[in-house]
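Secondary and tertiary structure notes
Chain by chain, the residues run as shown.
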Amino acid sequence: MENIHSVLENIYNKFTHFEDKGQQATYIPELANVNENLFGISLTTLNQEQVNLGDAQQKFSVQSISKVLLLIMAYNIEGEKIWKRVDVEPSGAAFNSMILLELEKGIPRNPFINAGAIVIADILLSHYKNPENEFISFVRRLTNDTSIDFDLKVYASEKSVGYRNYALINMMKSFGNITNLIDEVMDFYFKICSLSMSCAQLSKTFLFFANDGVDPFTNEVVLTPSRNRRINAIMLLCGFYDEAGEFAYRVGLPGKSGVGGGILAILPNKYAVVVFSPKLNEKGNSYRGMAFLECLTTELSDSVF
Ligand code: DON
């Protein structure tokens, strides 16, 4: 731990002076109001020690990182059945791409591209009268923090310009892969994307992925070991969209990014780490966050490979 702490501190200091060539997401107007210089890191180890640096306590819009929590809920309800409606293949395309969706008859490549998460939202809507409440209760239980909430400004902002996501859902509905009303599914989808959490909260919450699916703080079985391995595999192959190969090559960890500037990554049996830095590369992943994680796994000489 001593070692991780000093390694993290050194890298963090180095990256505060980093030339960040990224651009903040502006297609969701509210995200453009976030201070682009924020920079936070949180790493939680399996022996429940946490290192927080910089803006680690600053809440931000987790965006697509939420899709992992959404998937867990649906997977635990439906089991392997969900893979009839969404695949587990890398897409090699942007997170909001439409190209493959028509060719593949409304079955999204994986649950982490927007189309895939929208199908997962539809599945949960078929199970719950009030899926938003179920989702936020699930997250609050995992984080052991009842203050966690959606950011309704971000939600409304994204909904007001969500043309592409509406196009995706309409395409899927035309192929019969959406069961519920489009507006209800989209409302739920935009809500989960607006989830607001800090690096410190996220690295603690996602630690079960490093521990065979068991939350080390509460001993709750969040996922069976087999399902846990499977979601780690999907994160490795699909968590960074058309940059999943690059992330595996440079960082070597399963993880998930969001256009709010957060990146979560897991080293099984060791730790969960979360970086937040709002400026994104052209694939929609945090520019400084990715460079930071590359440096971290290089310095610690450890990855899943
Ligand atoms: O649907 C969207 O476009 C956003 N709510 C989420 C996209 C996202 O975070 C992609 N990640 N890098």
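Residues numbered from 1 in each chain as written. Predicted model: local features only at pLDDT ≥ 70, side-chain atom pairs only at ≥ 80, totals over all residues. Heavy atoms only, no water.

Okay, the overall build of the protein chain next. For the protein chain, the count of helices and strands is 12 helices and 10 strands. Taken over the C-alpha trace, the protein chain has a radius of gyration of 18 Å; the compact-globule value for 305 residues is 19 Å, and the two agree within 12%. Taken along the three principal axes of its C-alpha coordinates, the protein chain extends 55 × 40 × 35 Å. Residue burial in the protein chain is summarised as follows: out of 305 residues, 57% are buried. In the protein chain, the share of contacts with a sequence separation of at least 24, taken over all contacts with a separation of at least 6, comes to 70%. Total accessible area on the protein chain is roughly 12400 Å²; 48% of this is exposed by carbon and sulfur atoms. Averaging the positions of the 27 positive and the 34 negative side-chain charges in the protein chain gives two centres separated by 5 Å. (Helix = DSSP H or I, 4+ residues; strand = E, 2+ residues; numbered from the N terminus. Rg over C-alpha atoms; globule rule 2.2 N^0.38 Å. Buried < 20%, exposed > 50% of the residue type's maximum accessible area, 1.4 Å probe, protein only. Contact = heavy atoms within 4.5 Å. Areas by Shrake-Rupley, 256 points an atom, 1.4 Å probe, with all protein chains shown as cover. Lys, Arg positive; Asp, Glu negative; His and termini not counted. Charge placed at Lys NZ, Arg CZ, Asp CG, Glu CD.)

Okay, helix 5 (residues 131-143) next. The α-helix advances 3.6 residues per turn, and as a result positions three or four apart in sequence lie on the same side. Spanning 13 residues, helix 5 covers 18 Å between terminal C-alpha atoms, matching the ideal 18 Å at 1.5 Å per step. Restricting attention to buried positions, one finds in helix 5 the residues P131, F135, I136, F138, V139, L142 and T143. The arc that holds the buried residues of helix 5, viewed along the axis, is 155°, so those residues lie on one side. At the exit of helix 5 stands N144, carrying a positive phi of roughly 55°. (Expected span 1.5 Å × (residues − 1). Arc of directions from axis to C-beta.)

Strand-to-strand pairing in sheets goes through backbone hydrogen bonds, with the strands running parallel or antiparallel. In spatial order, the strands read 4-6-5; together these three strands make up an open sheet with antiparallel pairing. Among the strands making up the open sheet, the edge pair consists of strand 4 (60-61) and strand 5 (149-150). Where strand 4 and strand 6 (residues 195-197) come together, two bridges link them in antiparallel fashion. Across the sheet, residue S61 finds its bridge partner in strand 6, namely S196. (Pairing = 2+ DSSP bridges.)

At a closest axis distance of 12 Å, the pairing of helix 2 (residues 66-78) and helix 10 (residues 225-238) adopts a crossing angle of 145°. For the crossing formed where helix 2 meets helix 10, the hand is right-handed. Note on element contacts: helix 10 touches helix 2 through R227, R230, I231 and M235, opposite V68, L71, I72, Y75 and N76. (Axes fitted to C-alpha atoms, helices over the stretch in contact; angles between N-to-C directions. Left-handed = near helix turned anticlockwise from the far one by under 90°.)

What the domain assignment lists for the protein chain is domain 1 (2-61 + 197-217 + 224-300) and domain 2 (64-193). Distance between the C-alpha centres of domain 1 and domain 2: 21 Å. Contacts between the two partners involve 35 residues from domain 1 and, on the opposite side, 36 residues from domain 2. The three residues of domain 1 that bury the most area against domain 2 are R227, I234 and Y241, which together make up 21% of that side's buried surface. Residues E80 and R230 are paired through a salt bridge, measuring 3.3 Å at the closest nitrogen-oxygen approach. Between domain 1 and domain 2 we count eight residue pairs in polar contact (both at pLDDT 80 or more) in total. At the level of elements, helix 9 (199-205), helix 10, strand 7 (255-257) and strand 8 (262-267) are the ones that each hand at least two residues to the side of domain 1 that touches domain 2. With seven residues, the single largest contributor to the side of domain 1 that touches domain 2 is helix 10. (Domains from an automatic or database assignment. Buried area = accessible area lost by both parts, 1.4 Å probe. Salt bridge = Lys/Arg side-chain N within 4 Å of Asp/Glu carboxyl O. Polar contact = N/O pair within 3.5 Å; in protein donor to acceptor, adjacent residues only side chain to side chain.)

The subject of this paragraph is the site of the ligand. By nearness alone, 15 residues border the ligand, and Y27, Q63, S64, E158 and Y189 come closest of all. Within the side chain of Y27, a nitrogen or oxygen atom sits 2.5 Å from an oxygen atom of the ligand. A distance of 2.6 Å is found between a nitrogen atom of the ligand and a side-chain nitrogen or oxygen belonging to Q63. Looking at the shell around the ligand, its residues break down into six nonpolar, eight polar and one charged. Among the domains, domain 1 (2-61 + 197-217 + 224-300) and domain 2 (64-193) are the pair contributing at least three residues each to the shell around the ligand. (Near = heavy atom within 4 Å. Nonpolar A, V, L, I, M, F, W, Y, C, P; charged D, E, K, R; others polar.)

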